[in-house]
Amino acid sequence: MRTQVVIVGGGPSGLLLGQLLHCAGIENIIVERQSGDYVLGRIRAGVLEQVTMDLLKQAGVDKRARAEGLPHDGIELLFKGARHRIDLNGLTGGKQVTVYGQTEVTHDLMDARAAAGLTTIYNAAPVSLHDFDTASPRVRYQKDGATHEIACDFIAGCDGYHGISRASVPADALHLYEKVYPFGWLGVLADVPPLSHELIYANTPRGFALCSMRSATRSRYYVQVGTEERVENWSDDAFWNELRNRLDPEAREHLVTGPSLEKSIAPLRSFVAEPMRFGSLLLAGDAAHIVPPTGAKGLNLATADVGYLSRALEIFYREHSASALDRYSELCLRRVWKAERFSWWFTSLMHRFPDNGEFGQKIQEAELDYLVNSRAASTSLAENYVGLPLESF
Ligand code: FAD
Ligand code: DHB
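These remarks concern the structure in this document. (Residues numbered from 1 in each chain as written. Chains lettered and ligands numbered in written order. Predicted model: local features only at pLDDT ≥ 70, side-chain atom pairs only at ≥ 80, totals over all residues.)

Quick notes on the overall build of the protein
The helix and strand inventory of the protein stands at 13 helices and 20 strands. Once the C-alpha set of the protein is aligned to its principal axes, its extents read approximately 60 × 45 × 45 Å. Buried residues in the protein amount to 45% of all 393 residues. Within the protein, residue pairs in contact and separated by at least 24 positions form 73% of the contacts whose partners lie at least 6 positions apart. (Helix = DSSP H or I, 4+ residues; strand = E, 2+ residues; numbered from the N terminus. Buried ≥ 20, exposed ≤ 12 C-beta atoms within 10 Å, placed from the backbone. Contact = placed C-beta atoms within 7 Å.)

Quick word on the sheet that holds strand β7 (residues 97-99)
The three strands lie next to each other as β3-β7-β4, forming an open sheet whose pairing is antiparallel. Every other strand in the sheet has two partners, leaving β3 (47-48) and β4 (70-72) as the edge strands with one partner each. (Pairing = 2+ DSSP bridges.)

Re the nonpolar core
The biggest cluster of nonpolar side chains holds 107 residues, and the ones touching the most others in it are Val 8, Leu 17, Ile 155, Ala 156, Ala 284 and Leu 309. A per-element tally of this core places helix α11 (residues 323-350) first, with ten residues. Leaving out residues up to four positions away in the same chain, Ala 156 has contacts with Val 5, Ile 7, Val 8, Leu 17, Leu 282, Ala 284 and Leu 309. (Core = buried A, V, L, I, M, F, W, Y, C linked by C-beta atoms within 7 Å.)

Things to note about the sheet that holds strand β18 (residues 277-278)
Strands belonging to one sheet form pairs held by backbone hydrogen bonds; the direction of such a pair is parallel or antiparallel. Strand order in this open sheet of six strands is β8-β2-β1-β12-β19-β18, and the pairing throughout is mixed. The sheet is open, and its two borders are formed by β8 (120-121) and β18, each paired with just one other strand. Across four bridges, strand β1 (residues 5-8) lies against strand β12 (residues 154-157) in parallel orientation. When the bridges of β12 are listed, Ile 7 appears paired with Ala 156.

Overview of the environment of Ser 348
Among the structural elements, Ser 348 can be located in helix α11. Sequence separation of Ser 348 and Gln 364 is 16 residues, and the distance between their C-alpha atoms is 8.5 Å.

A short note on the pairing of strand β9 (residues 127-130)
The side-chain alternation of β9 yields one buried face, formed by Val 127 and Leu 129, and one unburied face, formed by Ser 128 and His 130. In the sheet, β9 pairs with strand β10 (residues 138-143) via four bridges, with the strands oriented antiparallel. Considered in β10, the bridge of Val 127 is made with Tyr 141.

Regarding the site of ligand 1
Residues in close proximity to ligand 1 total 32 residues, the closest being Gly 9, Gly 11, Gly 160, Gly 285 and Gly 298. Broken down by secondary-structure element, the contributors of at least two residues to the shell around ligand 1 are α1 (12-23) and α10 (298-319). Tallied by class, the residues present in the shell around ligand 1 amount to 13 nonpolar, 13 polar and six charged. (Near = placed C-beta within 6 Å. Nonpolar A, V, L, I, M, F, W, Y, C, P; charged D, E, K, R; others polar.)

So, helix α13 (residues 375-386)
With twelve residues, α13 should cover 16 Å at 1.5 Å per step; its first-to-last C-alpha distance of 16 Å lies within 8% of that length. Buried residues in α13 make contact with α3 (50-58), β5 (75-79), β6 (82-86), α5 (88-91), β7 and α12 (357-373). One or two positions beyond α13, positive phi appears at Gly 387, with a value near 105 degrees. (Expected span 1.5 Å × (residues − 1).)

Thoughts on the environment of Tyr 141
By the element assignment, Tyr 141 lies in strand β10. Owing to 22 C-beta atoms within 10 Å, Tyr 141 belongs among the buried residues under this scheme. For the pair Tyr 141 and Arg 113, spaced 28 residues apart in sequence, the C-alpha to C-alpha distance is 21 Å.

Things to note about unusual backbone geometry
In this structure, the amide linkage connecting Ala 125 to the following residue, Pro 126, adopts the cis form with an omega of -5 degrees. Going from Glu 274 to Pro 275, the amide bond is cis rather than trans, its omega being -5 degrees. In this structure, Pro 275 sits in the loop between β17 (260-274) and β18. Of note in this structure, Asp 144 is not a glycine but carries a positive phi near 50 degrees. Relative to the elements of secondary structure, Asp 144 occurs in the loop between β10 and β11 (146-151). We note that Ala 296 has phi near 55 degrees; this positive angle belongs to a residue other than glycine. Note on placement: Ala 296 falls in the loop between β20 (289-290) and α10.

Concerning α10
Here α10 is 22 residues long and its end C-alpha atoms lie 32 Å apart, about the 32 Å a rise of 1.5 Å per residue gives. Most of α10 is tucked away, with 16 of its 22 residues classed as buried. Positive phi shows up at His 320, right after α10, with a value of about 50 degrees.

Observations regarding the pairing of β6
Summarising the sheet, β5 and β6 pair through five bridges and their orientation is antiparallel. Pairing of Glu 76 across the sheet is with Arg 85, part of β6.

Topic: the packing of α3 against α10
The contact between α3 and α10 brings their axes to 9 Å, and the two run at 50 degrees. Judged by the angle between their axes, α3 and α10 are oblique. Our pair here, α3 against α10, has a crossing hand that is left-handed. Residues Val 51, Thr 52 and Leu 55 of α3 pack against Asn 300, Thr 303, Ala 304 and Gly 307 of α10. For the contact of α3 with α10, a count of residues per class yields three nonpolar, four polar and no charged. (Axes fitted to C-alpha atoms, helices over the stretch in contact; angles between N-to-C directions. Parallel < 35°, antiparallel > 145°, perpendicular 65-115°, else oblique. Left-handed = near helix turned anticlockwise from the far one by under 90°.)

Shown next as structure tokens:
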């Protein structure tokens, strides 16, 4: 088998890349280790930046996100028992974010891929990458007991943090930067109306909490928990009680609880692998970088990478020039590090750190007080939250 680009991993970055390349007339095959249902079953991100909405439009898959996604013009910060609104729209000259679940984005991309008759090989395991230091790389995989090989011009490594793409690069060719946080997020998805029409990020002496949503009838809530916590030890009641304890009196009164549809714990980590290109192998999304979820940058960074990558490959095939591909890693990393900084800062400001004590809590509250009362500081938060612009090659 032969194609122009083999995409390893059929998560949101692999699927979006496949669709953008298809729209540009570039052949591609996706090789995914899991089944389609497994990929769809993972509850993850919920907030889309305008850059992501624009890329979905470019890929021709924005119809449902536009119709059913919830535009948000602001967020609320809760500290010292009171809520303060950050006017994202007013502070950024009219920008907003859209609340639309990663599962729905994945669904729409899978439907579009099936409608276009493009090949996705599910349940391919193990997958291995070969000769990507040459112009004739190959991807090998096993399926149904047989070994298959696809020859191509490029391999796009879109296989997430635990994938094979980054792991295939010789260790001495990579520089890894990592910070692990001493807590995780316990998340619950429930069919109950959201507490408020905007997201609430809460800093409390008991730890961080986030009130988010997926629709007018489905809510997503998170509370900060210790790294040693196990999801089996958290009954629904225990979760709702802890969340209620981290809210202001009015929110506490309005909180509607119900049985959880999903409950999971995510560890928090900052991670960057540099560079993002090795000859014919290009990394994108979680395969190259991870942010802690505070600020909802993970999925949006992944889509921005594939926006750059599809453009660079288009220039390669249309203009027979590798100049954009040569700048791919540099352009992505410039934006990645700004999102890493923002996510680290917002995480540090909102969470309870075991070693910080009462002094740390007071310093956080002072910074939050400054933040909500300074137009300059609020503008900086708003600009980063709605997403920084993409550069052009
Ligand atoms: P993934 O979504 O990880 O997709 C990679 C795909 O590659 C998977 O389908 C995987 O099965 C496949 N794969 C892996 N290994 C191989 C292999 N060897 N061969 C072939 N295929 C392979 N971001 C936010 O913005 N907000 C959030 O609230 C949020 N919550 C999160 C919660 C959790 C538990 C996690 C893990 C992440 C969360 N994120 C969140 C981050 C966001 O979901 C990711 O940034 C996003 O999924 C990245 O997309 P991706 O396609 O690059 O990687
Ligand atoms: C969600 C997750 C986030 O990390 C965030 O900052 C906002 C919303 C969510 O899952 O809805």
